[in-house]
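Letter by letter, the chains look like this.
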Amino acid sequence: MGHLHVLTCFLSKIFGGAILISASCFVILAFSMKYSPIIVFVARFIQGLAEGVSQPAMSSVVSAWAPRSERAGIVGFSFSGIYLSTSLASVVSGAATCYVSWHAGLFIYGSLGIIWSLFWFGLVYDSPMMQSSLSEKERRIFEEEGSKVLVASARVAKNIPWRAILTSRPVYALFLANFTRSWVFAMVLTEIPQYFADAFSLNVATIGFLTSFPPILMSVSVILGGVIVDKLINMEKVSITAGRKLSLIIGFGSEAVCILVLAFAKDYLTASILIIIAEGLAGLSTAAFKVNPVDLAPQYSSVLTGIVRSGVLGASISTAIAGTLRQKNIQSWQRIFLITGSLHLFSVVFYSVFGSGEQQEWAQPTYKTLVSDSESTDYGSVEKNNIDVILTVHNDEKKKT
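In this report, we go over the structure that sits alongside the text. (Residues numbered from 1 in each chain as written. Predicted model: local features only at pLDDT ≥ 70, side-chain atom pairs only at ≥ 80, totals over all residues. Heavy atoms only, no water.)

### Description of the pattern of salt bridges
Keep this limit in mind: Here, a salt bridge means any Lys or Arg side-chain nitrogen found within 4 Å of an Asp or Glu carboxyl oxygen. Strands are runs of DSSP state E lasting at least 2 residues, helices are runs of H or I lasting at least 4, and numbering of each runs from the N terminus. Only protein chains enter the area calculation, which uses a 1.4 Å probe; residues under 20% of their type maximum are buried, those over 50% are exposed, and those in between are partly exposed.
Counted according to the given criterion, the structure contains four salt bridges. Across the pair Glu191 and Arg326 runs a salt bridge whose closest N-O atoms are separated by 2.8 Å. Here Glu191 is found in helix H9 (residues 169-200), whereas its partner Arg326 is found in the loop between helix H17 (313-325) and helix H18 (330-354), with 135 residues between them in sequence. Since its relative accessible area comes to 5%, Glu191 is described here as buried. On the basis of relative accessibility, which here comes to 32%, the residue Arg326 falls in the partly exposed class. With a shortest N-O distance of 2.5 Å, Arg244 and Asp295 are connected by a salt bridge. Placement of the pair is Arg244 in helix H12 (residues 240-262) and Asp295 in helix H15 (residues 292-296), with a sequence separation of 51 residues. Looking at Arg244, the relative accessible area reads 2%, which means it is buried. Classification of Asp295 by relative accessible area gives buried; the value is 3%. What you see here is one network of salt bridges that share partners, running through Arg181, Glu255 and Glu279.

Pasting the structure below:
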């Protein structure tokens, strides 16, 4: 069967490397930004390339390290940092710019990213079976509840079922959820401040105060949603599929309805309350659309994450449409909100019908095509041609292929 080219700790190092590269670019920008716009363009381009692979790589790490009973909670806690950092960064950046220097924020974020990545390289492994410091109790948990996947290799990559992935209805449902979420998130982040200015003539200070609440509430609901869904699944109150659909319906469904109602808000206080409710509840959906790639295909979760994350195109389309329709009156914003809310609601219905929380048939790795006749099949390590291959394949009994 030939050699199995194993890149140990490959995906975890990709994630750490992406953060290291991006953080280093921040430090470079802090010292060289004033000299040439070309430097800024190149550095930001490199950051985009590096960070583009970070979420797919992180998805594979989560796939290996998140036991089924704690999957949504772990993912929710991890992604809560995205929303919490949005609020924190605005405060830190403002203070650093006012009281230190204009480029202090770049240096702070860059330095923290570099330090963090060094800890990541030293402490994180692709698979629990690679972590020698695990206790026996922890190891048993991963044996019983861990995802049964093979560590990244050329042969695993060669056997990715592209056709099955690209024709899978649950994958399309997940893509659409990501697409409309990116659409809405971009609108809230970039257009809502302009909405308050155009529709209600608010000043910058008031707008900044009103828009600071949603990210904080979202960071809380992201964690809470994961814990609740895990609890319901572990207590066997709902199936995994029902749990994913329930969290998405409550989160994104409520968000879509609030955006539709927002189109008819008559004052900024009502509009603010609707936005806070919408974004606060939207965090509950993280237990669905962020976790779902690991549910559908643990072995190929990084591939699925990369595909569905291409839904970030929704952010660009959202911004373009808002820029085209926007005028300095509330009527133009009504059209924007009605389009956004309707599209978001459609994605919720689509996911409710076609979404799934079960591992798909095409996602089951064919064991015999991944090992040779001379290799034994046990949960553990396989030695071939002096290459240690860590297999996290759970077999009830030994068998030979």
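### So, unusual backbone geometry
We note that Ser201 has phi near 55°; this positive angle belongs to a residue other than glycine. Looking at where Ser201 falls in the secondary structure, it is placed in the loop between H9 and helix H10 (204-210). In this model, Glu236 sits at a positive phi of 60°, which is unusual for a non-glycine residue. Along the chain, Glu236 turns up in the loop between helix H11 (213-234) and H12.

### Notes on helix H2 (residues 37-52)
In plain terms, the rule: A helix is expected to span 1.5 Å multiplied by its residue count minus one. Summarising the geometry, the arc corresponds to the directions from the helix axis toward the C-beta atoms. Pairing of N or O atoms within 3.5 Å defines a polar contact, subject to two protein rules: one partner must be a possible hydrogen donor and the other a possible acceptor, and residues neighboring in sequence count only if both atoms are side-chain atoms.
A rise of 1.5 Å per residue sets the reference length of H2, with its 16 residues, at 22 Å; its end C-alpha atoms lie 22 Å apart and thus fit the reference within 8%. Listed in full, the buried residues belonging to H2 are Ala43, Gln47 and Ala50. Angularly, the buried residues of H2 cover 65° about the axis, an arc narrow enough to put them on a single face. Facing away from the buried side of H2 by more than 90 degrees, the exposed set consists of Pro37, Ile38, Phe41 and Leu49. Its side-chain oxygen 3.1 Å from the backbone nitrogen of Ile38, Ser36 forms the N-cap of H2.

### Overview of the packing of aromatic side chains
Rules: Planes of paired rings set the category: under 30 degrees apart is stacked, over 60 is edge-to-face and the rest tilted, where pairs are Phe, Tyr or Trp rings (Trp by its six-membered ring) whose centres lie within 6.5 Å.
With the rule as written, the count across this model stands at 14 aromatic pairs. With a centroid separation of 5.1 Å and 50° between ring planes, the pair formed by Phe252 and Phe289 is classed as tilted. Of this pair, Phe252 sits in helix H12 while Phe289 sits in helix H14 (residues 286-289), and the two are 37 residues apart along the sequence. Classification of Phe252 as buried rests on a relative accessible area of 0%. An aromatic cluster of at least three residues, connected via ring pairs, comprises Tyr195, Phe196, Phe200, Trp333 and Phe337.

### Structural notes on the packing of H12 against H18
Between two packed helices, the angle of one axis relative to the other and the distance separating the axes together describe the packing. Formally: Under this scheme, a helix contributes an axis fitted over its contacting stretch, all axes are lines through C-alpha atoms, and angles between N-to-C directions fall in the 0 to 180 degree range. The cut-offs work like this: below 35 degrees is roughly parallel, past 145 is roughly antiparallel, 65 to 115 is roughly perpendicular, and the gaps in between are oblique. When the near helix sits turned anticlockwise from the far one by under a right angle, the crossing is termed left-handed; a clockwise turn instead gives a right-handed crossing. Here, two residues are considered to be in contact whenever any of their heavy atoms come within 4.5 Å of each other.
Contact geometry for H12 and H18: axes closest at 8 Å, N-to-C directions at 165°. Classified by the angle between their axes, H12 and H18 sit roughly antiparallel to one another. Pair H12 / H18 crosses with left-handed handedness. Where H12 abuts H18, its residues Arg244, Lys245, Leu248, Ile249, Phe252, Gly253, Glu255, Ala256, Ile259, Leu260 and Leu262 lie against Phe337, Leu338, Thr340, Gly341, Ser342, His344, Leu345, Val348, Tyr351, Ser352 and Val353.

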